[in-house]
Amino acid sequence: MTDIKSMNMEELKELMVQIGEKPFRAKQIYGWLHEHLVTSYDEMANIPKSLKEKLKDYPITVLEELDVQTSKVDGTRKYLFRLSDGNMIESVLMRYKYGNSVCISSQAGCRMGCRFCASTIGGLTRNLLPSEMLDQIYRIQTSIGERISNVVVMGTGEPLDNYDNLLRFIHILTEDGGIHISQRNLTVSTCGLVPRIYELADEKLQMTLAVSLHAPNDEKRRELMPIANKYSVDELLDACRYYFDKTGRRITFEYSLVAGVNDSKENAQELAGRLKGLNCHVNLIPVNPVRERSFVRSTRQAVENFKINLEKCGINGTIRREMGSDIDGACGQLRKRYMEKTESEK
Ligand code: SF4
């Protein structure tokens, strides 16, 4: 591997030895990359020139900011970054009272095919490297000059479909010597790759797992998410129980409300029945209209009613506050628009 920003401390130490340097240099370089967030070897003040020369074969991954849109309503910022091979990805900065939160992408495109999602329309282009996931956070922290305290892996891509890189990313993000974000301040979403949820549970990380459920039963879920053809809701919920047993972390279920599809009183009651006894919380999301899809978002009243019906059955829900509604368009739209523009210019 030559991607130095994706190396953990141990690997960096091995690299130092391999190129004839003292292992302590690894800690210095790691600190420059992951704590001070520098973008070139020239900025590494205490690294000798001779070592910088050797490191030329190990280029530092840095994302290029192509566009940023800032919401006038709440300061939410949507970033479009270009990767070194020309692919584009989106990240979002949300400003809350408790701190700055960044939502990052884990893949360029996505192959999961969820029907309400713009990011999957062109399929999966490729997995992101750990360094490319990290640098979304690093570039945003540098550009606003404020600390990022929370990270959500919920942008484009299915994080558990890029499992090894995700784990490496989590370790570099949360361990000592780097940007050091607490695992408790990290949320990773999944559309429900059941075997991977078991594997992740065995890692016993202290992060939050957010499972995109979006329907109370298999039939409805299959209408919205092709992954439901592979794993049933029962199998998914068993995996979630296992995750809670292993980690002690409450599961978050994401539920996008689509008018007339999954937002009725019966749907709420069925959902509550299924989740009973599981330590969990439901995030209710009025679905974002996607130009290419025909889904209509539930009315505000339908969303409120759904929450009340869940709570009557003993399941807690929160209606997700809309961030950056004036710059919105569904997640993945900014990237898509740019890709279309680039195509038409060819
Ligand atoms: S919602 Fe997530 S998993 Fe589903 S297609 Fe979109 S990016 Fe992929």
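- By the naming in an unreviewed UniProt entry, the chain is Probable dual-specificity RNA methyltransferase RlmN, taken from Blautia obeum A2-162.
- The annotation that UniProt attaches to the chain under Subcellular location (unreviewed entry) is "Cytoplasm".
- Per UniProt, the comment on the chain under Sequence similarities (unreviewed entry) is "Belongs to the radical SAM superfamily. RlmN family."

Details of the overall build of the chain
Thinking step 1. Secondary structure summary: the chain contains 11 helices and 12 strands in total.
Thinking step 2. Oriented by its inertia axes, the alpha-carbon framework of the chain measures out at about 70 × 50 × 40 Å.
Thinking step 3. Residue burial in the chain is summarised as follows: out of 346 residues, 56% are buried.
Thinking step 4. For the chain, restricting intrachain contacts to residue pairs at least 6 apart in sequence, the fraction spanning at least 24 positions comes to 67%.
Thinking step 5. Accessible surface, the chain: about 15300 Å² in total, of which carbon and sulfur atoms supply 48%.

A look at the site of the ligand
Thinking step 1. Around the ligand, the neighbouring residues are Cys110, Met112, Gly113, Cys114, Cys117, Thr120 and Gly157.
Thinking step 2. Of the residues assigned to the shell around the ligand, the class counts are four nonpolar, three polar and no charged.

Some points on the layout of surface pockets
Thinking step 1. Quantified by volume, the second largest pocket comes out at close to 170 Å³.
Thinking step 2. Taken together, Tyr41, Asp42, Lys49, Lys52, Glu53, Leu55 and Lys56 form the lining of the second largest pocket.
Thinking step 3. For the lining of the second largest pocket, the class distribution of residues is two nonpolar, no polar and five charged.

Quick look at the domain arrangement of the chain
Thinking step 1. Domain annotation of the chain identifies domain 1 (2-54) and domain 2 (72-343).
Thinking step 2. Inter-centroid distance (C-alpha atoms) of domain 1 to domain 2 is 33 Å.
Thinking step 3. The interface is formed by 13 residues belonging to domain 1 together with 15 residues belonging to domain 2.
Thinking step 4. At the boundary of domain 1 with domain 2, total buried surface from both sides reaches about 1100 Å², with 51% on carbon and sulfur atoms.
Thinking step 5. The three residues of domain 1 that bury the most area against domain 2 are Lys5, Ser6 and Leu37, which together make up 45% of that side's buried surface.
Thinking step 6. Run the count over domain 1 and domain 2 and you get two salt bridges.

A look at the packing of helix 6 (residues 194-202) against helix 8 (residues 233-247)
Thinking step 1. Relative orientation of the contacting elements helix 6 and helix 8 amounts to 5°, with a least axis distance of 9 Å. When the axis of helix 6 is compared with that of helix 8, the two are roughly parallel. Between helix 6 and helix 8, the residues in contact are Val194, Ile197, Tyr198, Leu200, Ala201 and Asp202 and Glu235, Leu236, Asp238, Ala239, Tyr242, Tyr243, Lys246 and Thr247, respectively.
Thinking step 2. By residue class, the composition of the contact of helix 6 with helix 8 is nine nonpolar, one polar and four charged.

Section: the pairing of strand 3 (residues 88-96)
Thinking step 1. In terms of residue burial, strand 3 counts as a mostly covered element, since seven of its nine residues are buried.
Thinking step 2. In terms of strand pairing, strand 2 (residues 77-82) meets strand 3 through six bridges, oriented antiparallel. Of the residues in strand 3, the one forming a bridge with Tyr79 is Ser91.
Thinking step 3. Where strand 2 folds back on strand 3, the antiparallel hairpin that results is connected by five residues, among which Gly86 adopts a positive phi of roughly 95°.
Thinking step 4. Sheet topology note: the strand 3/strand 4 (residues 99-104) ladder contains five bridges and is antiparallel. When the bridges of strand 4 are listed, Met94 appears paired with Ser101.
Thinking step 5. If you look at the hairpin formed by strand 3 and strand 4, you'll find two residues sitting between the two strands.

Considering the packing of aromatic side chains
Thinking step 1. Following the criterion strictly, the structure yields four aromatic pairs and no others.
Thinking step 2. Ring geometry for Tyr198 and Tyr242: centres 4.9 Å apart, planes at 50°, overall tilted. One end of the pair, Tyr198, is in helix 6; the other, Tyr242, is in helix 8, and 44 residues separate them in sequence.
Thinking step 3. Residue classification places Tyr198 among the partly exposed positions, given a relative accessible area of 29%.

Quick word on the sheet that holds strand 3
Thinking step 1. Taken in spatial order, the 10 strands line up as 1-2-3-4-7-8-9-10-11-12 in an open sheet, and their pairing is mixed. Both edges of this open sheet fall to strand 1 (64-70) and strand 12 (317-319), since each of them pairs with a single strand only. The sheet shows a mean angle of 25° between the axes of neighbouring strands, direction not considered.
Thinking step 2. Examined bridge by bridge, strand 11 (residues 280-286) and strand 12 share three bridges and lie parallel to one another.

A short note on the environment of Glu146
Thinking step 1. You can see Glu146 is positioned in the loop between helix 4 (130-144) and strand 7 (148-153).
Thinking step 2. Here the alpha-carbon distance between Glu146 and Asn100, two residues 46 residues apart in the chain, equals 8.0 Å.
Thinking step 3. If we ignore the near neighbours within four places in the chain, the residues touching Glu146 are Arg95, Asn100 and Gln141.
Thinking step 4. Separated by 3.0 Å, the side chains of Glu146 and Asn100 make a polar contact.

Topic: helix 1 (residues 9-18)
Since one α-helical turn is 3.6 residues long, residues separated by three or four positions face the same way.
Thinking step 1. Residues of helix 1 that are buried include every one of Met9, Leu12, Leu15 and Met16, and no others. One face of helix 1 carries all of its buried residues, which in axial projection span an arc of 115°. Residues Glu14, Val17 and Gln18 are exposed on helix 1 and point more than 90 degrees away from its buried face.
Thinking step 2. Those residues of helix 1 hidden inside the fold are in contact with helix 2 (24-34) and helix 3 (49-54).
Thinking step 3. Of the residues flanking the start of helix 1, the one acting as N-cap is Asn8, its side-chain oxygen 3.2 Å from the backbone nitrogen of Glu10.

What counts, and at which threshold
Residues numbered from 1 in each chain as written. Predicted model: local features only at pLDDT ≥ 70, side-chain atom pairs only at ≥ 80, totals over all residues. Heavy atoms only, no water. UniProt positions renumbered as here; feature names shortened; annotations may be inferred. Helix = DSSP H or I, 4+ residues; strand = E, 2+ residues; numbered from the N terminus. Buried < 20%, exposed > 50% of the residue type's maximum accessible area, 1.4 Å probe, protein only. Contact = heavy atoms within 4.5 Å. Areas by Shrake-Rupley, 256 points an atom, 1.4 Å probe, with all protein chains shown as cover. Near = heavy atom within 4 Å. Nonpolar A, V, L, I, M, F, W, Y, C, P; charged D, E, K, R; others polar. 1 Å grid on protein atoms, 1.4 Å probe; cavity = no way out; pocket = protein on both sides within 12 Å on 5 of 7 lines; lining within 4 Å. Points joined across faces, edges and corners; volume = space filled by probe spheres on them. Domains from an automatic or database assignment. Buried area = accessible area lost by both parts, 1.4 Å probe. Salt bridge = Lys/Arg side-chain N within 4 Å of Asp/Glu carboxyl O. Axes fitted to C-alpha atoms, helices over the stretch in contact; angles between N-to-C directions. Parallel < 35°, antiparallel > 145°, perpendicular 65-115°, else oblique. Pairing = 2+ DSSP bridges. Phe/Tyr/Trp six-rings, centres within 6.5 Å; stacked < 30°, edge-to-face > 60°. Polar contact = N/O pair within 3.5 Å; in protein donor to acceptor, adjacent residues only side chain to side chain. Arc of directions from axis to C-beta.

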